[in-house]
Amino acid sequence: MLNLLEIYKNEVGYTKKKFGQHFLTSKHAIDDIASTLADTECQQVVEIGPGCGVLTIAMLEKKLAVTSVEIDEELAEFLPRYLFIYPKFRLINSDFMLIEQSQLPEGRFAFAGNLPYNVSVDILMHCVKFIDRTEKMTFMFQKEVADRINAKPNCKEYSSLSVITSYFFTAKKLRDLSGGQFWPNTKVRSTVLEFFPRERHFKDHEREQAFLAFVRQSFVLKRKTLKNNLKAIEGIDEAMERAGLASNIRGEQMTVNDFIRLFESI
């Protein structure tokens, strides 16, 4: 199998900070991630930000069909020169945040990627747009962000991001990675999370969007009680009582089902 990282180092020799490029070097971690994706029923992956292709080639070697979305034109030119031998490889040179349904593979697929940390949450939320066709997602985040995503009620990391993620997905930690397992090295620790879509409570899109905005509003002033965050809502006291919530409860004490129950009560 080609060592694309070494080829890239010899040909180019640098990464671009504006795209948050840090390429995974741990062969064990790469194979572990590729193996979990190879277990999918759909057998096709949309990879966000393939970089120099270290995970891409590992997935292709496991016979997965891979559609890689790469914003960097230089990398978009580099990858096909070495991966053209794989008939199941396809590249889209684009910002993933601009990708539409019609550009992605037909049928169901999995998402994967070592996400640029400065836009990782934005990308995660953009993936919700494709949730009805998503079998699973395997993404790498900065550890602190992953801890917020995967946090449970009554812990300090719990936030609106935790609630919204748990509304759409069941999340599971796959592994942690040190900064020394990347090129260039980084001081930041990383975490790989797996996401499995859940059945959503709201079937109407506008109502669902209103619920998500409601959750975000509930955490605007995190040290305040839920009632203080939502005091602009008429009848909030009565709604909380109907939902069976204590008047002094805080957002970080509530499950996603608590938020749904309160929203419906309002």
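If you're wondering where the values come from, they're calculated on a predicted model, not measured in any experiment.

Caption draft 1: Looking closely at the overall build of the chain. Within the chain, the regular secondary structure consists of 11 helices and 9 strands. Its C-alpha atoms give the chain principal-axis dimensions of roughly 65 × 40 × 30 Å. Looking at the chain as a whole, 50% of its 266 residues qualify as buried. Taking the contacts inside the chain whose residues are at least 6 apart along the sequence as the reference set, 67% of them involve residues at least 24 apart. If the 36 positive side-chain charges of the chain are averaged to one point and the 35 negative ones to another, these points end up 5 Å apart.

Caption draft 2: Seen up close, the sheet that holds strand E7 (residues 169-177). Ordered by their spatial adjacency, 7 strands build an open sheet running E4-E3-E2-E5-E6-E9-E7, and the pairing between neighbours is mixed. The open sheet has two free edges, formed respectively by strand E4 (89-93) and E7, since each of these has just one partner strand. With direction set aside, neighbouring strand axes in the sheet form an average angle of 20 degrees. Contacts between helix H5 (residues 120-127) and the sheet are confined to strand E2 (44-48), strand E5 (109-114), strand E6 (134-142) and strand E9 (190-197), with E6 contributing the most and set at about 175 degrees to the helix.

Caption draft 3: Expanded view of the environment of Val188. By secondary structure assignment, the location of Val188 is in the loop between strand E8 (182-183) and E9. Counting along the chain gives 10 residues from Val188 to Ser178, while the straight-line C-alpha distance between them is 7.2 Å. The contact partners of Val188, leaving out residues within four places of it in the chain, are Tyr117, Gln142, Ser178 and Gly179.

Caption draft 4: Up close: the pattern of salt bridges. Going through the model one piece at a time under the given rule, you end up with 18 salt bridges. The closest approach of N and O atoms between Arg81 and Glu77, which form a salt bridge, is 2.8 Å. Separated by 4 residues within a single helix, Arg81 and Glu77 lie in helix H4 (residues 73-83), roughly one turn from each other. Glu77 sits in the partly exposed class, given a relative accessible area of 43%. Close ionic contact of Lys143 with Asp147 constitutes a salt bridge, the shortest N to O distance being 3.0 Å. Remark: Asp147 and Lys143 occur in helix H6 (residues 143-149); sequence separation between them is 4 residues, near one turn of the helix. Residue classification places Lys143 among the partly exposed positions, given a relative accessible area of 22%. Among the ionic contacts, a cluster of salt bridges with common partners joins Glu11, Glu77 and Arg81.

Caption draft 5: Just the packing of aromatic side chains, in detail. Applying the stated criterion across every chain yields a total of 25 aromatic pairs. Their ring planes at 50 degrees and their centres at 5.4 Å tell us that Tyr167 and Phe211 sit as a pair that is tilted. Of this pair, Tyr167 sits in helix H7 (residues 160-168) while Phe211 sits in helix H8 (residues 205-217), and the two are 44 residues apart along the sequence. There is no split in this pair, since Tyr167 and Phe211 are both buried.

Caption draft 6: Representation of helix H11 (residues 256-265) within the structure. Summarising burial for H11: 7 of the 10 residues are buried, a large majority. Taken together, the buried positions of H11 are Val256, Asp258, Phe259, Ile260, Leu262, Phe263 and Ser265. Taken together, the buried residues of H11 touch H7, H8, helix H9 (226-229) and helix H10 (236-242).

Caption draft 7: View of the environment of Phe263. For Phe263, the position within the fold is in helix H11. For Phe263, a relative accessible area of 14% corresponds to the buried category. Along the primary structure Phe263 and Phe214 are separated by 49 residues, whereas in three dimensions their C-alpha atoms are 7.6 Å apart. Setting aside anything within four residues of it in sequence, one finds Phe263 in contact with Phe202, Arg207, Ala210, Phe211 and Phe214.

Caption draft 8: Looking closely at unusual backbone geometry. A cis amide bond links Trp183 with the next residue in sequence, Pro184, at an omega value of -10 degrees. Here Pro184 is to be found in the loop between E8 and E9. Within the chain, Gln43 stands out as a residue other than glycine whose phi angle is a positive 60 degrees. Here Gln43 shows up in the loop between helix H2 (27-38) and E2.

Caption draft 9: Seen up close, helix H1 (residues 4-11). The set of residues buried in H1 consists of Leu4, Leu5, Ile7 and Tyr8. For H1, the angular spread of the buried residues around the axis is 165 degrees, confining them to a single face. If you follow the buried residues of H1, they end up packed against strand E1 (23-24), helix H3 (54-61), H4 and E8. Taken from the residues just after H1, Gly13 is the one with a positive phi, measuring 85 degrees.

About the cut-offs
Residues numbered from 1 in each chain as written. Predicted model: local features only at pLDDT ≥ 70, side-chain atom pairs only at ≥ 80, totals over all residues. Heavy atoms only, no water. Helix = DSSP H or I, 4+ residues; strand = E, 2+ residues; numbered from the N terminus. Buried < 20%, exposed > 50% of the residue type's maximum accessible area, 1.4 Å probe, protein only. Contact = heavy atoms within 4.5 Å. Lys, Arg positive; Asp, Glu negative; His and termini not counted. Charge placed at Lys NZ, Arg CZ, Asp CG, Glu CD. Pairing = 2+ DSSP bridges. Axes fitted to C-alpha atoms, helices over the stretch in contact; angles between N-to-C directions. Salt bridge = Lys/Arg side-chain N within 4 Å of Asp/Glu carboxyl O. Phe/Tyr/Trp six-rings, centres within 6.5 Å; stacked < 30°, edge-to-face > 60°. Arc of directions from axis to C-beta.

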